[in-house]
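Take a look at the letters that make up each chain.
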Amino acid sequence: MALAYTTVSRDREIEQILALQALNHRHSVDAATAISDGFTSVRHDPAVLTAMNHEYPSVIAKSGDDLAGYCLMMAQRFRDQIPILQPMFAMLDSLSWRGEALADNPRWFVMGQVCVAREFRGQGVFDGMYHTLRDVYRDRFDFSVTEISQRNARSLRAHRRVGFETLHVYEDAQADDVWEVVVWDWRE
Ligand SMILES: CC(C)(COP(=O)(O)OP(=O)(O)OC[C@H]1O[C@@H](n2cnc3c(N)ncnc32)[C@H](O)[C@@H]1OP(=O)(O)O)[C@@H](O)C(=O)NCCC(=O)NCCS
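Every chain's residues receive numbers from 1 upward, in the order its sequence appears when written. Under the rules for a predicted model, residues below a pLDDT of 70 receive no local features and side-chain atom pairs below 80 are neither given nor counted, while totals for whole chains, interfaces and linings still include all residues. Only heavy atoms go into the side-chain values, all of them from the structure, while hydrogens and water stay out.

- An unreviewed UniProt entry lists the protein under the name GNAT family N-acetyltransferase, from Pseudomarimonas arenosa.

Structure below.
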């Protein structure tokens, strides 16, 4: 069945996102799969994810009624609603991109999480979703920011291929992990 790239418009799609997110969470996948296929680190509260999508719909890939993947749009104004992401936003406040402090610029958002369902990986769904995200939001935003664990080599590689560039690298000594903050700038 052909894939359709669109934005979230139904509560059922939010339930499907939460289910796919849970399936791919770092606590759900085995160690070998985490290395080969990657993993998600955040689990969203359903009410917060619903509010995020009502204001700025996220991008999804659909195969009929099935969810093939999602790419979450997280506007800066939701920064206080996801406790696990607050340290990331505090860090972003201290960073600059192309000579401009992120803290002074409202024209960017966080890509909150991307996931492609296992049976759809390696088929261009990742690129299709990101290109749709850019089409939908490039009039209102200059760039998107996200962070990726260096343990997730597959995700890092796919993000670089789409056009993300590394802005900052930091170590989370407590979790024994290194994270890359990456930016995809849509300006010419
Ligand atoms: C990460 C994810 C979104 C990427 O989508 P995908 O459809 O698998 O991505 P693609 O196949 O288009 O691209 C993956 C790239 O990594 C490469 N790759 C595959 N396995 C790899 C591995 N174990 N290590 C390094 N690179 C790997 C592929 O060759 C490809 O790169 P290339 O186009 O330069 O050859 C998807 O695998 C996924 O949902 N994983 C689980 C959740 C997750 O990790 N989300 C991201 C959180 S930051």
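**Examining the side chain of Arg-121**
Now for step 1: Runs of H or I in DSSP of at least four residues are treated as helices and runs of E of at least two as strands, each being numbered from the N terminus. Tracing the backbone shows Arg-121 in the loop between strand E6 (108-116) and helix H5 (125-137).
Now for step 2: In terms of polar contacts, Arg-121 uses its side chain to reach the side chain of Asp-37, at 2.9 Å.
Now for step 3: By the criterion applied in these results, polar contacts are pairs of N or O atoms within 3.5 Å in which, for protein atoms, one can donate a hydrogen and the other can accept it, and in which residues neighboring in sequence qualify only through two side-chain atoms. A polar atom in the side chain of Arg-121 sits 2.7 Å from the backbone oxygen of Val-116.
Now for step 4: If we skip the residues at most four places from it in the chain, Arg-121 touches Asn-24, Asp-37, Cys-115, Val-116 and Arg-154. In what follows, residue pairs with any heavy atoms lying within 4.5 Å of each other are defined as contacts.

**Digging into the packing of aromatic side chains**
Now for step 1: Between rings of Phe, Tyr and Trp, where Trp is taken as its six-membered ring, a pair exists when centres lie within 6.5 Å; planes separated by under 30 degrees are stacked, by over 60 edge-to-face, and by other angles tilted. Taken as a whole and judged by the stated rule, the model has eleven aromatic pairs.
Now for step 2: Between Tyr-137 and Phe-141 the ring centres are 6.1 Å apart and the planes differ by 70°, which places this aromatic pair in the edge-to-face class.
Now for step 3: Summary of the burial criterion: residues with accessible area below 20% of their type's maximum are buried, those above 50% are exposed, and those between are partly exposed, where the area comes from a 1.4 Å probe applied to protein chains only. By relative accessible area, Tyr-137 is classed as buried at 1%.
Now for step 4: By relative accessible area, which is 8% here, Phe-141 ends up buried.
Now for step 5: Of the aromatic side chains, those joined through ring pairs into one cluster are Tyr-56, Phe-109, Phe-126, Tyr-130, Tyr-137, Phe-141, Phe-164, Trp-184 and Trp-186.
Now for step 6: Placement of a positive charge over a ring is assigned whenever Lys NZ or Arg CZ falls within 6 Å of the ring centre and within 35 degrees of the normal to the ring plane. The ring centre of Phe-78 lies 4.5 Å from the NZ or CZ of Arg-77, which sits over that ring.

**Side note on the environment of Glu-15**
Now for step 1: Assignment of secondary structure puts Glu-15 in helix H1 (residues 11-23).
Now for step 2: When the C-alpha atoms of Glu-15 and Ala-158 are compared, they prove to be 26 Å apart, with 143 residues separating the residues in sequence.

**As for the side chain of Glu-180**
Now for step 1: One can find Glu-180 in strand E9 (residues 177-185).
Now for step 2: There is a polar contact of 2.6 Å between the side chain of Glu-180 and the side chain of Arg-160.

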